[in-house]
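These are the residues of each chain, in order.
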Amino acid sequence: MWRVRRAAVACEVCQSLVKRSSGTKGCLPLQKLHLVSRSIYHTHHPTLKLQRPQLRTSLQQFSSLTSLPLRKLKLSPVKYGYQPHRNFWPARLAARLLKLRYLILGSAVGGGYTAKKTFDQWKDMIPDLSDYKWIVPDIVWEIDEYIDLEKIRKALPNSEDLAKLAPDFDKIAESLSLLKDFFTTGSPGETAFRATDPGSESDKRYRKVSDKEKIDQLQEELLHTQLKYQRILERLEKENKELRKLVLQKDDKGIHHRKLKKSLIDMYSEVLDVLSDYDASYNTQDHLPRVVVVGDQSAGKTSVLEMIAQARIFPRGSGEMMTRSPVKVTLSEGPHHVALFKDSSREFDLTKEEDLAALRHEIELRMRKNVKEGCTVSPETISLNVKGPGLQRMVLVDLPGVINTVTSGMAPDTKETIFSISKAYMQNPNAIILCIQDGSVDAERSIVTDLVSQMDPHGRRTIFVLTKVDLAEKNVTSPSRIQQIIEGKLFPMKALGYFAVVTGKGNSSESIEAIRDYEEEFFQNSKLLKTSMLKAHQVTTRNLSLAVSDCFWKMVRESVEQQADSFKATRFNLETEWKNNYPRLRELDRNELFEKAKNEILDEVISLSQVTPKHWEEILQQSLWERVSTHVIENIYLPAAQTMNSGTFNTTVDIKLKQWTDKQLPNKAVEVAWETLQEEFSRFMTEPKGKEHDDIFDKLKEAVKEESIKRHKWNDFAEDSLRVIQHNALEDRSISDKQQWDAAIYFMEEALQARLKDTENAIENMVGPDWKKRWLYWKNRTQEQCVHNETKNELEKMLKCNEEHPAYLASDEITTVRKNLESRGVEVDPSLIKDTWHQVYRRHFLKTALNHCNLCRRGFYYYQRHFVDSELECNDVVLFWRIQRMLAITANTLRQQLTNTEVRRLEKNVKEVLEDFAEDSEKKVKLLTGKRVQLAEDLKKVREIQEKLDAFIEALHQEK
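As the structure is a prediction and not an experimental result, all values here were calculated from the model.

Colleague: Talk me through the overall build of the protein; I want residue IDs and the actual numbers.
Modeller: Within the protein, the regular secondary structure consists of 35 helices and nine strands. For the protein, the proportion of its 960 residues judged to be buried stands at 40%. The contacts of the protein with a sequence gap of at least 6 include a subset with a gap of at least 24, amounting to 79%. Of the roughly 56200 Å² of accessible surface on the protein, a fraction of 51% belongs to carbon and sulfur atoms.

Pasting the structure below:
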């Protein structure tokens, strides 16, 4: 432009000279004019002949590494026909200054300087790919060993040397301005310059208008340049994303044989998971950074998070509260876009819609599982890892939306619970608060900004995000209101940064790509950017995620070492306390103690299979007889013994035994066997182990024993098999040898003596202490006992008179006894007489049976002859032999069922119970308690946290 102006000035000088000459001395020949003037204004003159420079015969090669040679133009000789005016020296000066070689030289130097500057700007725009140096072959990085690039760089001229070759354009412009002033004030061509003065005012107005248009044009060009740069950057990032994906896939396949270390964000996420468990158990607060996403309900929190994660992973509903518990999302890079939960190995492919639907359903189920009955929200955190190429590395926590009013179907304390959960996360001094505000509603309706301003009054860790800007721009009448919201002038809060995003058109089926395209298209055409209400770096979720990631890692680097130091001090204190209190014990946490107890319990269950068969049969036979002895004596032996002959006795016994076997005996036998197994199992579980016994396991063992017994059921077919065996055993009456006969008599005597002892105790309790105990122990009888004693004495007199008396009293006998007692002044009731007679006759009968048993000791010989020609009848001995044999066979059968089947089934039940207890942390905390357990738990968790923090810090320093 300056060249054209200078040329125009020179032409004006020439024109004025022509006019002046024509007015005084005639027309100046065209050959006398300046060369530049002739070339611009007199191009069609027939006598104009401009001598062009001759072409070089040899072609010279030029490159960007060499300087262009400067060559003067050869002009055709000009012959002047008369002496020029002495005042024409300014024109000659202008001609010399505006010679074509200076124009060419200036253009070359300026163009080269501008090109280098443009190259430097584009060089700064290219992202730093130093992290991917390892992808390029090593020969590229070793090229400097073969080529001296430094010598070549020094040989090239720099921009400063090129600038020195250029003329001083400021001095040239100053000289031209002096020249113009000279002509306008005192030269004869004053009228020519003044002729342009009337239009100078209009030129100024036009210049003002053009400046405004230029400003608008520059703003438009700036916006387009920014958007173009954005698209270029997105394209480069996409290529980078694909490249990283390819590289990670190759690394997974082992092509490069290079072991990838765990990423920083994964290590940091593990630290936060351990700290979350530590917080939940001990109610302390860690100070490690995380991004906390808070906002009003339906403000778009979840949508912003999904845009950052680049997948629609959260449940959604129109106007319904969907986020019912905090969700911790760890974003990291990976070859595939997948998601997985902390406590699950299943991976959800986020590129498939069916996996996305399954992931959303799983998150919703976990949320509802965390919410207790009678509540709407839960403070329990769901941990989710999202991996994919190009994701920003950070940890975000999505919190339930803040509500202003509790609606129907919600718990009354829902609002307060949400506030307490939000405050618990935001009060962490290193938590980055991502405050989400709905731009389509009135700012005055928001209550989350008040909450954020309370937790971060200075805005040092808050990032404000205005969502649904497309709806806001369409509905808000005053666009400046959006600017005030973005700048934080409408809220009582401060923030590190303010961003505006668009989260789609409100359709839940929109893909992330469609939302991103819609967001880019909206901001490209938005008036908010064109009018500079919003800056280009303040819009789109992509810029938001970059800013949040930078802020997140800055806080991580500043706080993680301080947190590690605090846990080192805590670890030292806990280790010192353990050494002082438990110097000889190993530090076992709750899980390790449970595993130790589990092994002990399984060993004790195995010990059941080592019990000898003899021991099983002895305890089974004894337990079964204790259970059935009363029925055998009272319901079988006593009724049969009242008969008059042996045939009736045997018939009665057979009938009674058959009924007993069909209805009660098998069931009683199974009950006895099950109780015996329980007793033996309990004995092994509870008996002390000497010095090795640890009472810390007692509660756990008792709970396992009770639960296992509750779950165990005896085999249903056991009763049917027992019924057949017992029936066959009771049918046999053949005693083979004298040894079995003597064993039956011994068994009968023991049974009768035990029953007689029980009867003596019952009578003593009925009639009170005898005279010895009254004299020695100063005991007296009660009135009722005295009545019973008088009735007993009267009944014993009656038995002495008739030792063959039947088991039941006749009515006239009861009347006789009552009258005899009344004659002595004792009033008795007939029922009292019957009760007393029952015990008195039982004792009389048992004593008679014992005497008969002694007579039958030598009766085996008569038994073999079926008591022919003998007054001795020992059918009762045969009955007790049958009972004894049935008990032995039943005990043997039950022992086989125990050792072959039931012990193994019980062991299986114990294993199932232990597995269930192992998965139930609350059960383990309840059953394994004490200071020793708590101290070991603290020590283990603090060590784990410190180790993970140290590993993370080391990886952080390596990345730097």
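This is not the end of the story, as more comes after the structure.
Colleague: Go over the pairing of strand β2 (residues 327–332), please, and point to the residues and values.
Modeller: Two faces belong to every sheet, and in a regular strand the side chains alternate between them. With six of its six residues buried, β2 lies for the most part within the structure. Because side chains alternate across β2, one face comprises the buried residues Val 327, Val 329 and Leu 331, and the other comprises Lys 328, Thr 330 and Ser 332, equally buried. As paired strands, β2 and strand β5 (residues 382–387) are joined by six bridges and run parallel to one another. Following the sheet pairing, Val 329 is matched in β5 by Leu 384.

Colleague: Residues and numbers for the state of the cysteines, please.
Modeller: Enumeration according to the criterion identifies one disulfide in this entry. Through a disulfide, Cys 856 is tied to Cys 874; the S-S separation comes to 2.1 Å. Judged by the sign of its S-S torsion, about -100°, the cystine formed by Cys 856 and Cys 874 is left-handed. With Cys 856 in the loop between α31 (830–855) and α32 (860–864) and Cys 874 in the loop between α32 and α33 (875–919), this pair connects stretches of sequence that are 18 residues apart. The residues Cys 856 and Cys 874 share a single accessibility class, namely buried.

Colleague: So what's going on with helix α20 (residues 541–581)? Which residues, and what values?
Modeller: Across its 41 residues, α20 extends 56 Å between first and last C-alpha, which sits within 8% of the 60 Å expected from 1.5 Å per residue. The largest bend in α20 amounts to roughly 35° and is located at Ser 559.

Colleague: Account for a positive patch on the surface, naming residues and giving values.
Modeller: Among the surface-exposed residues, Lys 699, Lys 710, Lys 923 and Lys 926 lie close enough to one another that they form a single positively charged patch. Every element with two or more residues in the positive patch is listed here: α25 (698–711) and α34 (921–927). Assignment of secondary structure puts Lys 923 in helix α34. Under the relative-accessibility criterion, Lys 923 is labelled partly exposed at 31%.

Colleague: Quick rundown of the nonpolar core? Include the residues and the values.
Modeller: Trp 625, Tyr 637, Trp 660, Leu 677, Trp 741, Ile 883 and Val 910 are the most contacted members of the largest nonpolar core, which has 102 residues in total. Ranked by the residues each element gives to this core, the list is headed by α33, at 17 residues. Among the nonpolar cores identified, the runner-up in size contains 67 residues, and Ile 313, Leu 331, Ile 363 and Phe 952 belong to it.

Colleague: Which residues make up a negative patch on the surface, and what values go with them?
Modeller: Together, Glu 213, Asp 216, Glu 220 and Glu 221 give the surface a local cluster of negative charge. Along the polypeptide, Glu 220 turns up in helix α10 (residues 200–253).

Colleague: Before we move on, can you summarise the pattern of salt bridges with the specific residues and values?
Modeller: Taken as a whole and judged by the stated rule, the model has 37 salt bridges. Here Glu 822 and Arg 818 are joined by a salt bridge, their closest N and O atoms 3.1 Å apart. Placement of the pair is Glu 822 and Arg 818 together in helix α30 (residues 811–823), with a separation of four residues, close to one helical turn. By sharing partners, the salt bridges in this structure join Arg 571, Glu 575, Glu 587 and Arg 943 into a single network.

Colleague: Explain the sheet that holds strand β9 (residues 497–500) residue by residue, including any values.
Modeller: The strand order across the open sheet formed by nine strands is β4-β3-β5-β2-β6-β1-β7-β8-β9, and the pairing between neighbours is mixed. Of all the strands in the sheet, just β4 (348–349) and β9 have a single pairing partner and so form its edges. Where strand β7 (residues 432–438) meets strand β8 (residues 462–467), six bridges bridge the pair, whose relative direction is parallel. By the bridge assignment for β8, Ile 433 is matched with Thr 462.

Colleague: Go over the packing of helix α29 (residues 783–801) against α30, please, and point to the residues and values.
Modeller: Any two packed helices are characterised by how steeply their axes cross, that is the angle between the axes, and by the distance between the axes. Their axes nearest at 10 Å, the elements α29 and α30 cross at an angle of 130°. Classified by the interaxial angle, the pair formed by α29 and α30 is oblique. Of the two elements, α29 crosses α30, and the hand of that crossing is right-handed. Every residue of α30 that contacts α29 at Glu 790, Thr 791, Glu 794, Leu 795 and Met 798 is listed here: Glu 813, Val 817, Asn 820 and Leu 821. When its residues are assigned to classes, the contact of α29 with α30 shows four nonpolar, two polar and three charged.

Colleague: Break down a nonpolar patch on the surface for me, with residues and values.
Modeller: Together, Trp 771, Trp 775, Leu 776 and Tyr 777 give the surface a local cluster of nonpolar side chains, amounting to about 610 Å² of exposed area. Within the secondary structure, Trp 771 is located in helix α28 (residues 771–776). With relative accessibility at 52%, the residue Trp 771 sits in the exposed group.

Colleague: Tell me about the packing of aromatic side chains, and name the residues and values.
Modeller: In total, this model carries 17 aromatic pairs according to the counting rule given. Summarising the aromatic geometry, the rings of Phe 464 and Tyr 498 are spaced 5.9 Å apart at their centres and angled 55° between planes, so their arrangement reads as tilted. Residue Phe 464 is found in strand β8, and its partner Tyr 498 is found in strand β9; the two are separated by 34 residues along the sequence. A single burial state applies to Phe 464 and to Tyr 498, both of which are buried. Centre to centre, the rings of Trp 553 and Phe 952 are 6.4 Å apart; their planes meet at 25°, and the pair counts as stacked. Linking Trp 553 in helix α20 with Phe 952 in helix α35 (residues 931–959), this pair joins segments that are 399 residues apart in sequence. The residues Trp 553 and Phe 952 share a single accessibility class, namely buried. A cation over an aromatic ring shows up here: Arg 366 above the ring of Phe 341, its NZ or CZ 4.0 Å from the ring centre.

Colleague: Please provide a residue-by-residue account of helix α14 (residues 414–426), values included.
Modeller: Between its first and last C-alpha atoms α14 spans 18 Å; for 13 residues at 1.5 Å apiece the expected length is 18 Å, and the two agree. Residues Thr 414, Thr 417, Ile 418, Ile 421, Ser 422, Tyr 425 and Met 426 constitute the buried set of α14. The arc that holds the buried residues of α14, viewed along the axis, is 160°, so those residues lie on one side. Lining the buried residues of α14 we find β1 (291–295), β6 (394–398), β7 and α15 (448–455).

Calculation criteria
- Along each chain, residue indices are assigned from 1 in the same order as the chain's sequence is written.
- The predicted origin of the model limits local features to residues at a pLDDT of at least 70 and limits the giving and counting of side-chain atom pairs to 80 or more, whereas totals for whole chains, interfaces and linings rest on all residues.
- No hydrogens and no water enter the side-chain calculation; it runs on all heavy atoms of the structure.
- Helix and strand assignments come from DSSP, with helices taken as H or I runs of at least 4 residues and strands as E runs of at least 2, each series counted from the N terminus.
- The rule is simple: take the accessible area with a 1.4 Å probe, protein chains only, and divide by the maximum for that residue type; under 20% is buried, over 50% is exposed, in between is partly exposed.
- The contact criterion used throughout is that any non-hydrogen atoms of two residues lie within 4.5 Å.
- What sets the accessible areas is the Shrake-Rupley method with a 1.4 Å probe; for residues, cover comes only from the shown protein chains.
- By the convention used here, strands pair only if DSSP detects at least 2 bridges between them.
- Here, a disulfide means two cysteine sulfur atoms that sit within 2.5 Å of each other.
- A helix's residues, less one, multiplied by 1.5 Å, set its expected span.
- Given a residue, its bend is the angle between the two axes fitted to the seven residues that end at it and to the seven that start from it.
- Like-charged residues within 9 Å of one another, or nonpolar side chains (Val, Leu, Ile, Met, Phe, Trp, Tyr) within 5 Å, are grouped into patches, provided each residue has over 30% relative accessible area and no salt bridge.
- A pair is scored as a salt bridge if a Lys or Arg side-chain nitrogen falls within 4 Å of a carboxyl oxygen belonging to Asp or Glu.
- His is not counted, nor are the chain ends; Lys and Arg add positive charge and Asp and Glu add negative charge.
- By convention, the point assigned to a charge is CZ for Arg, NZ for Lys, CD for Glu and CG for Asp.
- What makes a nonpolar core is a set of buried Ala, Val, Leu, Ile, Met, Phe, Trp, Tyr and Cys residues whose side-chain atoms join them at distances within 4.5 Å.
- For helices, the fitted line uses only the C-alpha atoms of the stretch in contact; every axis is such a line through C-alpha atoms, and the angle between N-to-C directions lies from 0 to 180 degrees.
- The scheme is simple: roughly parallel for angles under 35 degrees, roughly antiparallel for over 145, roughly perpendicular for 65 to 115, oblique for anything else.
- In this scheme the handedness of a crossing depends on how the near helix is turned from the far one: anticlockwise by less than a right angle means left-handed, clockwise means right-handed.
- Charged residues are taken to be Asp, Glu, Lys and Arg, nonpolar residues to be Ala, Val, Leu, Ile, Met, Phe, Trp, Tyr, Cys and Pro, and polar residues to be all remaining types, Gly included.
- Think of it this way: a Phe, Tyr or Trp ring, Trp meaning its six-membered ring, pairs with another when their centres are within 6.5 Å, and the plane angle makes it stacked under 30 degrees, edge-to-face over 60, tilted otherwise.
- In our convention, an over-ring charge means Lys NZ or Arg CZ found within 6 Å of a ring centre and within 35 degrees of that ring's normal.
- It is the directions from the helix axis to the C-beta atoms whose arc is reported.

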